[in-house]
Amino acid sequence: MRKAIALLLTLCLLCTGLMGCAAQEPAPEAEPSPSPSAEPEALPSQEPIVIPTVDYESLYALHEPEELVMTIDGNDIHWNDYFYMLVTACEEMAYQFNTMASYYGIAVNWDDPIGEDPEQTYASLIPATVESNLHQLMTIKGFAAENKVELSSESKEGIAAQLEAAIANYGGEEGSEEAFNAYLESNWLPRSLYDEINRINYLYQDGFRQTYGADAERVSDADALAWLEEGGYMACDHILLMTIDSSTGESLEEAKVQEIQKKAEELAQELAAIEDREELLKRFRELKDEYTEDTGAAHYPDGYTFTTGKMVPEFENGCRELEEYQVSDPIQSSYGYHIILRLPLDPDGIIEFSSQGTPLNARKLSANQAYGDALAAYAQKVKISPAEGFEVPNILDYLQ
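Residues numbered from 1 in each chain as written. Predicted model: local features only at pLDDT ≥ 70, side-chain atom pairs only at ≥ 80, totals over all residues. Heavy atoms only, no water.

**As for the state of the cysteines**
Inspection of every chain in the model, using the stated rule, returns one disulfide. Note on cysteine connectivity: Cys 236 is disulfide-linked to Cys 319, with sulfurs 1.6 Å apart. Measuring the twist about the S-S bond at about 75°, one finds the Cys 236-Cys 319 disulfide to be right-handed. With Cys 236 in strand E3 (residues 234-242) and Cys 319 in helix H10 (residues 313-320), this pair connects stretches of sequence that are 83 residues apart. Residue class for Cys 319 comes out buried when judged on its relative accessible area of 0%. (Disulfide = S-S within 2.5 Å. Helix = DSSP H or I, 4+ residues; strand = E, 2+ residues; numbered from the N terminus. Buried < 20%, exposed > 50% of the residue type's maximum accessible area, 1.4 Å probe, protein only.)

Shown next, in the form of structure tokens:
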């Protein structure tokens, strides 16, 4: 069975809380690769679960490739564009079916109802997924046009470099553009749609950079701090003396715990006695470097910026009760004893890391949220108008 090409895009999460996290990271490679790539190890079974496949050849023959099937935000969507999105959605659904069968021995099929309504089947999700993906693409395209976002020279170079790499990887032995186009066609992906997706991906990135800067540096301190305050964030650093064995999670012997408590009290008293702020910060850093056993310290060297529910309750409550630059008495949690130093909110303090390992601060997260909100607002205006006579195909009619 043919497999759709999975283009790695950063533009398909319009309404999620961190929709733009990738916006300040380098655009990912948009070259094609077979999808799905990983097959789970099958469970032994006397009766293997067989998932019907889609007869794409017969399904594709329903319409001419250039036949208009719908208009989205003034953009014509032709059958070959729609069909590629349909194949991609079907392949992803089939992958999920096979995963359930291979890992758990559970048979889930195209005609199974999702809820109480027997008409709402997994197959019925496919057209909605196709329209959603096309809607998202056209939303970003239209939003860029409305805000006069143009491809930067760097983005144009990036698109050219990605195309060159894709042709080299998928253009046959000779690495020709003709062979590459044939490869796309064999995977149901029109070259025009391939180019359009890459262009929209970079427009998405450029739209963020144009508004907020490549690293969200255009977000002011005041705006970033306001975002932190509205989110109920607080900032603290701490010295953790653990009362559990980090390798096993087992509690240490009582005598050792008492020894650790005594040391924590000594450190807290020493720090609390320091009145000069700069001296306090300096000494806290020295003691932290010497004593802390917090495994997160390497990733959050300047402490934690967090909101309600993100830390263990004892740590959160202890931080909340402190004034800025005030040091706590030792606070015990399931990890051990914490000596907490309350800090002022910092627009550049690390809050979390993206899936690609990029540190995210209030500037970036607030910009991501604002960018996502702006795109979501534009998306509400984007309408899908089916072409006269076009009927959404029923996948159940094309299973084999």
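**Re the nonpolar core**
One finds Tyr 82, Leu 86, Trp 110, Ile 126 and Ile 395 to be the most contacted residues of the largest nonpolar core, which totals 64 residues. Sorting elements by how many residues they give to this core places helix H2 (residues 79-104) first, with 12 residues. (Core = buried A, V, L, I, M, F, W, Y, C linked by side-chain atoms within 4.5 Å.)

**Considering the side chain of Glu 316**
On the secondary structure map, Glu 316 appears in helix H10. The buried category is assigned to Glu 316, whose relative accessible area is 7%. Reaching out from Glu 316, the side chain makes a polar contact with the backbone nitrogen of Gly 309 at a distance of 2.9 Å. If near-sequence neighbours (up to four positions away) are discounted, Glu 316 is found in contact with Met 234, Phe 306, Thr 307, Thr 308, Gly 309, Lys 310 and Met 311. (Polar contact = N/O pair within 3.5 Å; in protein donor to acceptor, adjacent residues only side chain to side chain. Contact = heavy atoms within 4.5 Å.)

**Notes on the confidence of the model for the protein chain**
Looking at the protein chain, the pLDDT average stands at 89 and 88% of residues meet or exceed 70. The low-confidence segment residues 1-39 (pLDDT under 50) makes 127 contacts with residues lying over four places distant or belonging to another chain. (pLDDT = per-residue confidence, 0-100.)

**Remarks on helix H11 (residues 362-379)**
Every α-helical turn comprises 3.6 residues, leaving residues that sit three or four positions apart pointing alike. Relative to the 26 Å expected for 18 residues at 1.5 Å per residue, H11 spans 25 Å between its end C-alpha atoms, a close match to the ideal helical length. With 13 of its 18 residues buried, H11 lies for the most part within the structure. (Expected span 1.5 Å × (residues − 1).)

**Examining the pairing of E3**
With nine of its nine residues buried, E3 lies for the most part within the structure. In the sheet, E3 pairs with strand E6 (residues 336-343) via eight bridges, with the strands oriented antiparallel. Note on E6: the bridge partner recorded for Ala 235 is Leu 343. (Pairing = 2+ DSSP bridges.)

**Description of the packing of aromatic side chains**
A full pass over the atoms with the stated rule returns 24 aromatic pairs. With centroids separated by 5.0 Å and ring planes inclined at 70°, the aromatic side chains of Phe 83 and Trp 188 adopt a geometry described as edge-to-face. Of the two residues, Phe 83 sits in helix H2 while Trp 188 sits in the loop between helix H5 (177-186) and helix H6 (191-212), which places them 105 residues apart along the sequence. The pair formed by Phe 83 and Trp 188 is uniform in burial state, with each residue classed as buried. Note on Tyr 300 and Tyr 304: the rings are 5.0 Å apart at their centroids and 35° apart in plane angle, and the pair reads as tilted. Each residue in the set Tyr 56, Tyr 60, Trp 79, Tyr 82, Phe 83, Trp 188 and Phe 390 is aromatic and connected to the rest through ring pairs, giving one cluster. (Phe/Tyr/Trp six-rings, centres within 6.5 Å; stacked < 30°, edge-to-face > 60°.)

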